[in-house]
Amino acid sequence: MDHSSDNSTTKTTKYPPGIVLGKDGKPCRVCTAFVDWTRREKKKQNTINNTKNNNNDSSEKAKKIVSTGSLGTAMINIVNNNVNNVDNFDNVQDCPPDVEQLGRATWTFLHTMAAYYPEVPSYEQQNSMKSFLSSFSKFYPCESCAEHFRDEMKNKPPKVESRWALGRWLCQMHNLVNESLGKDIFNCDKIDERWKDGPPDGRSDSLFKPLCKNNELYGPRLYMWGPGWKYGRRTSFDQECLKWQTYLKFIQCDFDIRDANEPLMSPSGKLPVLILSEGEVLIDELIKNYVEDNKGSNKLGQLSEEQQADSQAFITLADTKLRHALLYTLWCEPSNEYDTYKKYGKHYANPIDKILMYQAKNAAIKEMLIKIPVLNREDIYQEASEALQALSVALGDNKYFFGERVPTFIDAVIFSYLHNILEFPVTSANDLNQLVHKHKNLVEFTKKIYIEYYEKEF
Ligand SMILES: Cc1cc2nc3c(=O)[nH]c(=O)nc-3n(C[C@H](O)[C@H](O)[C@H](O)COP(=O)(O)OP(=O)(O)OC[C@H]3O[C@@H](n4cnc5c(N)ncnc54)[C@H](O)[C@@H]3O)c2cc1C
């Protein structure tokens, strides 16, 4: 924003460049940078000095005028000593803020507030945040800044449906101001690091993220649906997200997770999405390629060709039979409707939530109808039961599907189904849960992976 002095509105008074006038036509301190304000003060000071030279008797009066000047004694010292030495401004304490101090403090508050906003805020919390931002934009003391902010808010209404969305929106709003002031554009992928987690430089053990790949400073970040079905669970409640989350865990790559709960952030319109520190965006199989190209793939078990073929066959079995039964449980059992809505839709405002839930249900039904001609509840669960039986036999007494010591991709896939089936709230319609419980080894397999890869982190 241009803060040059508005000479057009003041025909009689000329202000130094940079002075911003308030609504009353007078210089506005919180809209003006200190450095510009001091020029104004210096001008005042020169006038006083001239008066002093012309009339010695008026020296006391001049002191009085200066000492009661708008920025006080500290300001006067700066004006007298070196008006152009910006470093001196740091020494000024307890003075009313200029546009920069106020801006810095306000951005600190706004970004920190966004960093601690609930991951999945209630409808009421979303409304409170909206009205806070609306009031903020009316009362922000730098009127010209506030006006600009309000205009931008009209073009880009606040996103309050999740912590991720709010942080991102605020970052973009701040970047608009940065851009207009010729400042650098901030990388919005780093907002948590800047405002919540701190830099990964080892200053704090809990903040330190070990290097993951090629000496990257920051690990990759998985944006997913989350948190889990049960309180305190860090496992995604969405099977597809949990599959990739678990696979990344298997290679012991330290990555961040973000409960984005916003599929539209992904180029495919689906979560999860893995964003690397260089900004590369990976979805689906690209995540697998990333893992396999990474040194971390050494942590995974190696399969023979025959095992690879078997593994693929079991994955396909799970991705059809178990997936259909899971989709049916989530989207087609009326008694499960609210639990599904709580996770996938509740954080959106009404009526968007209804529309999105309707679309998601249709997408689930469409996906099932590609493979099966009619959606028959009994048939779907029967097929899932047969698939579970086959998986149980294949697993036998082993810890993992192929091999005893190290997991492979199939373990991430099967875990993602079984864990979510077992975690989903038990209702009369949760037949799938009972079907899994018939196979003790599958339940044990799921528990062990959870304990080893998720529980240990707490
Ligand atoms: C709503 C609002 C509107 C403003 N409008 C104006 C205006 O019209 N004219 C004017 O002169 N000043 C305006 N300001 C003040 C201005 O934005 C700066 O705060 C001020 O210039 C001081 O800048 P700074 O370089 O110290 O860093 P700031 O911009 O205050 O940023 C503080 C810190 O935030 C981090 N940061 C920077 N960008 C982002 C981002 N996009 N997302 C997350 N973190 C980030 C950086 O680490 C930075 O050090 C406005 C401030 C606010 C709050």
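Residues numbered from 1 in each chain as written. Predicted model: local features only at pLDDT ≥ 70, side-chain atom pairs only at ≥ 80, totals over all residues.

1. Here we look at the overall build of the chain
Helices and strands together make up the secondary structure of the chain, namely 17 helices and four strands. A sequence separation of at least 24 residues applies to 61% of the contacts in the chain between residues at least 6 apart. (Helix = DSSP H or I, 4+ residues; strand = E, 2+ residues; numbered from the N terminus. Contact = placed C-beta atoms within 7 Å.)

2. Description of the pairing of strand β1 (residues 221–224)
For β1 and strand β2 (residues 256–259), the ladder comprises four bridges, and the chain directions are parallel. When the sheet's bridge partners are listed, Arg221 is paired in β2 with Asp256. Sheet topology note: the β1/strand β3 (residues 273–275) ladder contains three bridges and is antiparallel. Residue pairing in the sheet places Leu222 in a bridge with Leu274 of β3. (Pairing = 2+ DSSP bridges.)

3. Concerning the sheet that holds β3
One open sheet holds the four strands; their spatial order is β2-β1-β3-β4, and the pairing between them is mixed. In this open sheet, the two edge strands, each paired with only one partner strand, are β2 and β4 (281–282). Relative to β4, β3 runs antiparallel, the two being bridged by two bridges. From the neighbouring strand, Leu274 faces β4, where its bridge partner is Leu282. The strands that helix α9 (residues 239–250) touches are β1 and β2; relative to β1, the one it contacts most, it runs at about 160°. (Axes fitted to C-alpha atoms, helices over the stretch in contact; angles between N-to-C directions.)

4. Remarks on the environment of Glu367
Secondary-structure assignment places Glu367 in helix α13 (residues 352–371). Sequence separation between Glu367 and His324 is 43 residues; the distance between their C-alpha atoms is 8.4 Å.

5. Brief notes about unusual backbone geometry
Pro227 follows Gly226 through a cis peptide bond whose omega is -5°. Locating Pro227 in the fold gives a position in the loop between β1 and α9. Between Leu271 and the following residue, Pro272, the backbone shows a cis peptide bond with an omega angle of 10°. For Pro272, the position within the fold is in the loop between β2 and β3. With a phi close to 50°, Asn261 is a non-glycine residue in the positive phi region. With respect to the secondary-structure elements, Asn261 resides in the loop between β2 and β3.

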